[in-house]
Amino acid sequence: MKRIFSVAIAVLFGVLASFAEQIKVQDIALVAGNSTTVEIGLNNVNTNLVAFQMDLTLPEGIGIEKAGCTLSSRITDENQVLTIGRLSANTYRLTSTSLSLTPISGTSGTLLTLKLTSTSNFVNGQATFSNILFSTSTSQEVGLEDTSFTINTLYTLTYKVDGEVYKTSTVAYGTAITPEAAPTKEGHTFSGWSDIPATMPANDLVITGTFAVNSYTLTYKVDGEVYKTSTVAYGTAITPEAAPTKEGYTFSGWSEIPATMP
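Throughout this document, residue positions are counted from 1 along each chain, in the order its sequence is written. Local features are withheld for residues below a pLDDT of 70 in this predicted model, meaning they are given only at 70 or higher, and side-chain atom pairs are given and counted only at 80 or more; totals for whole chains, interfaces and linings count all residues. Heavy atoms throughout the structure, all of them, feed into the side-chain values; hydrogens and water do not.

As a further point, take the overall build of the chain. Each helix and strand counted, the chain has zero helices and 19 strands in total. Radius of gyration here uses only the C-alpha atoms, and the compact-globule reference equals 2.2 Å multiplied by the residue count raised to the power 0.38. Taken against the 2.2 N^0.38 rule, which gives 18 Å for 262 residues, the C-alpha radius of gyration of the chain at 34 Å runs more than 25% over that of a compact globule. Summarising its shape, the C-alpha atoms of the chain cover approximately 120 × 35 × 30 Å along the three principal directions. A 1.4 Å probe rolled over the protein chains alone gives each residue an accessible area, and that area as a share of the maximum for its type sets the label: buried under 20%, exposed over 50%, partly exposed in between. Considering the chain as a whole, with its 262 residues, one finds that 37% of them fall into the buried category. Taking the intrachain contacts of the chain between residues at least 6 apart in sequence as the baseline, contacts between residues at least 24 apart amount to 64%. Every accessible area reported is derived by Shrake-Rupley at a probe size of 1.4 Å, with residue values counting cover from the shown protein chains alone. In the form shown here, the chain has an accessible surface area of approximately 14500 Å², with 50% of it arising from carbon and sulfur atoms. Across the chain, the mean location of the 14 positive side-chain charges is 6 Å away from that of the 22 negative side-chain charges. Helix numbers and strand numbers start at the N terminus; a helix is a DSSP run of H or I with at least 4 residues, a strand a run of E with at least 2. Residues count as neighbours in contact if any of their non-hydrogen atoms are within 4.5 Å of one another. For this count, His and the chain ends are skipped, Lys and Arg are scored as positive, and Asp and Glu as negative. The atoms used to mark charge sites are NZ of Lys, CZ of Arg, CG of Asp and CD of Glu.

This is the structure we're talking about:
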């Protein structure tokens, strides 16, 4: 098992500047006050890389949880370890050397995984890898370009309809918000959503909407002529009108009447 402890990286000679190698990091997102992992990838042309050094500068409010940081399976030297030292308040130096000069396997994929933690008030920031150096088994140094990635803060976006939760999601601060489609409900009209900002603010957000019951016209006809009309709300119980009378005639009764207004 690969462990983290302090070792000095070997002094390397014969500098070889090269940008064919690349450190690859995707933007990540986390809930303020929580932690997350970030995979540090390496695309390499040289197949005899045996050591590396890189400095990671984190934004204010982000730190490294060393116990959660590991080398990937591309490091096949079982005795090789990852060292993480603090250079300043927000900058860490990451080093790892194969003392047996066992090369990093493959030419692409994850090199190591870091566990980052955030304070409860952290809001979006950028992290940068700089001073990136790799060493070959023949003591050549390979310098890589600096690379940065964004750490986005996630907040909860909640839609409520008539006081009940309709949908929730986690959205990164600054992300454009596309409103949910208006819900539907038989016999009701949706009011529309409350004010929705163009992008996610740096706080949880609740968006509300309500349904208003529709009203419809109830019409009674006798012998094809309108006998009575009224406006009735959807779902209201219908009490049939009393049977009309007409001298010398017998009323047939009303046609089928539903229990409530459709």
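Moving on to the packing of aromatic side chains. Classification of ring pairs uses Phe, Tyr and Trp, with its six-membered ring standing for Trp, and accepts pairs whose centres are within 6.5 Å; under 30 degrees between planes counts as stacked, over 60 as edge-to-face, and the remaining range as tilted. On inspection of all chains with the given rule, the structure shows nine aromatic pairs. Note on Phe190 and Trp193: the rings are 4.9 Å apart at their centroids and 70° apart in plane angle, and the pair reads as edge-to-face. For the pair shown, Phe190 and Trp193 are each scored as buried. Consider the rings of Tyr227 and Trp254, whose centres lie 5.8 Å apart with planes at 45°: the pair is tilted. Highlighted residues: Tyr227 in strand E19 (residues 225-233) and Trp254 in the segment after E19, separated in sequence by 27 residues. Residue classification places Tyr227 among the partly exposed positions, given a relative accessible area of 39%. Residue classification places Trp254 among the partly exposed positions, given a relative accessible area of 22%. Members of the aromatic cluster, connected to one another through ring pairs, are Tyr159, Tyr166, Phe190, Trp193 and Phe211. Here Lys246 stacks its cationic end above the ring of Tyr249, 4.5 Å away from the centre of that ring. To sit over a ring, a charge needs its Lys NZ or Arg CZ within 6 Å of the ring centre and within 35 degrees of the ring normal.

This part is about the nonpolar core. Grouping buried Ala, Val, Leu, Ile, Met, Phe, Trp, Tyr and Cys residues that are joined through side-chain atoms within 4.5 Å yields what is termed a nonpolar core. Counting 35 residues, the largest nonpolar core has Leu94, Leu114, Leu116, Phe129, Phe134 and Phe149 as its most contacted members. Not counting chain neighbours up to four residues away, the residues in contact with Leu116 comprise Ile28, Asn34, Ser35, Thr36, Val38, Leu58, Ile62, Gly63, Ile64, Phe149 and Ile151. Core analysis: the next-biggest nonpolar cluster, separate from the first, contains 13 residues, Val161, Trp193, Ile207 and Phe211 among them.

For the rest of this paragraph, the subject is the confidence of the model for the chain. The quantity called pLDDT is the predictor's confidence in a given residue, expressed from 0 to 100. Across the chain, the average pLDDT comes to 92, with 93% of residues at or above 70. Within the model, the stretch residues 1-18 combines pLDDT values under 50 with 41 contacts to residues more than four positions away or in other chains.

Here the focus is the environment of Gln26. Following the sequence through the fold, Gln26 ends up in the loop between strand E2 (22-24) and strand E3 (28-31). Residue classification places Gln26 among the exposed positions, given a relative accessible area of 67%. For Gln26 and Thr208, which are 182 residues apart along the polypeptide, the C-alpha to C-alpha distance reads 34 Å. The residues touching Gln26, leaving out its near neighbours within four places in the chain, are Val38 and Phe149.

The way it works is a 1 Å grid over only the protein atoms, where trapped points that fit a 1.4 Å probe form a cavity and open points with protein on both sides within 12 Å along at least five of seven lines form a pocket, and then any residue with an atom within 4 Å of a point lines it. Grid points are joined across faces, edges and corners, and a volume is the space filled by probe spheres set on the points. Looking at the largest pocket, its volume works out to about 270 Å³. If you trace the largest pocket, you find 13 residues lining it, with Val222, Asp223, Pro244, Phe251 and Ser252 closest to the centre. Grouping the constituent residues of the lining of the largest pocket by class yields five nonpolar, five polar and three charged. All amino acids are sorted into three groups, where Ala, Val, Leu, Ile, Met, Phe, Trp, Tyr, Cys and Pro are nonpolar, Asp, Glu, Lys and Arg are charged, and the leftover types, Gly among them, are polar.

Here Val142 shows up in strand E12 (residues 141-144). Given a relative accessible area of 0%, Val142 falls into the buried group. It is 8.4 Å that separates the C-alpha atoms of Val142 and Ile132, two residues lying 10 residues apart in sequence.

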